[in-house]
Amino acid sequence: MKKKVLLFSTVVALIACTANQSQAGNKKHSLVVYYSLSGNTDKVANIIQKKTGADIERLQPVKPYTGDMGAIAGAFMEERRNDKFRDLKPLTAKVADYDTLYVGYPVWAGTYAGPIHSFIKSNNLKGKVVIPFCSFGSGGNTSVADLKAALPETTVTSSWYGVRAARVDKAEAEVEAFLVNVGVLKGKKQQLPAFSAQHAVSAEEKAIFDKACGDYPMPLGTPSTVGTRSLDNATEYLFTCNSKDMQGRESKQLIYVTKGNAEGCVPEFTQVER
């Protein structure tokens, strides 16, 4: 998995150039454009806008998505099968005016939500830089690959920010660190170390996994091995879990858990890579 803070020099140069233009007063070079259903992506979008000074635009379908998540996911999957998505209300912003777009969405059925499909189908994003951000129930990494496939003539950064809805209150500090790491904001970049080699899960590590993931409503599998790495103020765990896919076949998934080093910090399930 290409992690949220993985850097590529060409992309960083493009983003940094846009950021410098913005700081010089030409803020029309970047736009936060996003869709939010429950308000989680909205929170992240507004943090990015506040930190960068970019313009901001919330996408609104002409026919809103309604019902519980089961009904919404079902409607969205039908749209995907037919490759026909809901029309959007007209935008205030003129997308052609912007060089960099922060594109945000909730993750539905493992990919970006329906209104983002509508947005990229109805706008020419050729030559632009797209920085993805998202909120999700478990993970969002596959949505970035889907964006890249849908936008072959657009620079979709491999660096992206995602947050579980259950921990969106942590977004502000994480977004700032993310923007520093991709060169949009000034500051000390955090160079993430590699995870240690996977080893058998100890009783203490199993307890950390259970504490972080025990209240998640869907089965995540049984952790068999784990690797760790030390961050500035926390330890991150990468658990390999044995599970079964929807067809009952044996499969593996990677579960990321972070535990702060300060006394009293509890471990947090941050995302899953399937």
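Student: I would appreciate a short explanation of the pairing of strand 11 (residues 250–260) in the present structure.
Tutor: Strand residues, when the strand is regular, have side chains that alternate between the two faces of the sheet. For strand 10 (residues 234–244) and strand 11, the ladder comprises eleven bridges, and the chain directions are antiparallel. Opposite serine 243, over in strand 11, you have serine 251 as the bridge partner. Sheet analysis places strand 11 next to strand 12 (residues 268–273), joined by five bridges and oriented antiparallel. Directly across from isoleucine 255, in strand 12, lies its bridge partner valine 272.

Student: Mind showing me how you'd approach the pattern of salt bridges here?
Tutor: Oppositely charged side chains can pair when the atoms bearing their charge come close. This model, assessed by the stated rule, comprises 13 salt bridges. Between glutamate 153 and lysine 126 there is a salt bridge, and its shortest N-O distance comes to 3.8 Å. On the criterion of sequence distance, the pair formed by glutamate 153 in the loop between helix 5 (141–150) and strand 6 (155–156) and lysine 126 in the loop between helix 4 (114–122) and strand 5 (129–136) is long-range, its members being 27 residues apart. As far as the burial class goes, glutamate 153 and lysine 126 line up, both exposed. The partner of arginine 167 in a salt bridge is glutamate 268, with the nearest N and O atoms 3.5 Å apart. Within this pair, whereas arginine 167 is found in the loop between strand 7 (161–164) and helix 6 (171–181), its partner glutamate 268 is found in strand 12, the two being separated by 101 residues in sequence. A relative accessible area of 8% means that arginine 167 is categorised as buried. Where salt bridges share partners, they join Lys50, Lys51, Glu172 and Glu176 into one cluster.

Student: Just checking my understanding: could you explain the sheet that holds strand 9 (residues 222–230) for this structure?
Tutor: Across a sheet, paired strands are connected by hydrogen bonds in the backbone, their directions being either parallel or antiparallel. If you trace the five strands from one edge of the open sheet to the other, you get 8-9-10-11-12, paired in antiparallel fashion. What marks the edges here is a single partner per strand, and that holds for strand 8 (199–200) and strand 12. The strands touched by helix 7 (residues 203–213) within the sheet are strand 8, strand 9, strand 10, strand 11 and strand 12, with strand 11 carrying the most contacts at an inclination of about 90 degrees.

Student: Explain the nonpolar core to me, please; I cannot follow it from the model alone.
Tutor: Generally speaking, soluble globular proteins have nonpolar side chains that are buried together. Counting 31 residues, the largest nonpolar core has Leu101, Tyr105, Ile116 and Phe119 as the members making the most contacts within it. Of all the elements in the fold, those that place two or more residues in this core are strand 1 (30–34), helix 3 (69–82), strand 3 (100–108), helix 4, strand 5 and helix 5. At five residues, the largest contribution of residues to this core is made by strand 3. For leucine 101, the contacting residues outside a window of four places in its chain are Leu31, Val33, Val95, Phe119, Leu125, Lys128, Val129, Val130 and Ile131. Membership of the second largest hydrophobic core comes to 22 residues, among which are Tyr102, Val129, Val168 and Val182.

Cut-offs and rules
Residues numbered from 1 in each chain as written. Predicted model: local features only at pLDDT ≥ 70, side-chain atom pairs only at ≥ 80, totals over all residues. Heavy atoms only, no water. Pairing = 2+ DSSP bridges. Helix = DSSP H or I, 4+ residues; strand = E, 2+ residues; numbered from the N terminus. Salt bridge = Lys/Arg side-chain N within 4 Å of Asp/Glu carboxyl O. Buried < 20%, exposed > 50% of the residue type's maximum accessible area, 1.4 Å probe, protein only. Contact = heavy atoms within 4.5 Å. Axes fitted to C-alpha atoms, helices over the stretch in contact; angles between N-to-C directions. Core = buried A, V, L, I, M, F, W, Y, C linked by side-chain atoms within 4.5 Å.

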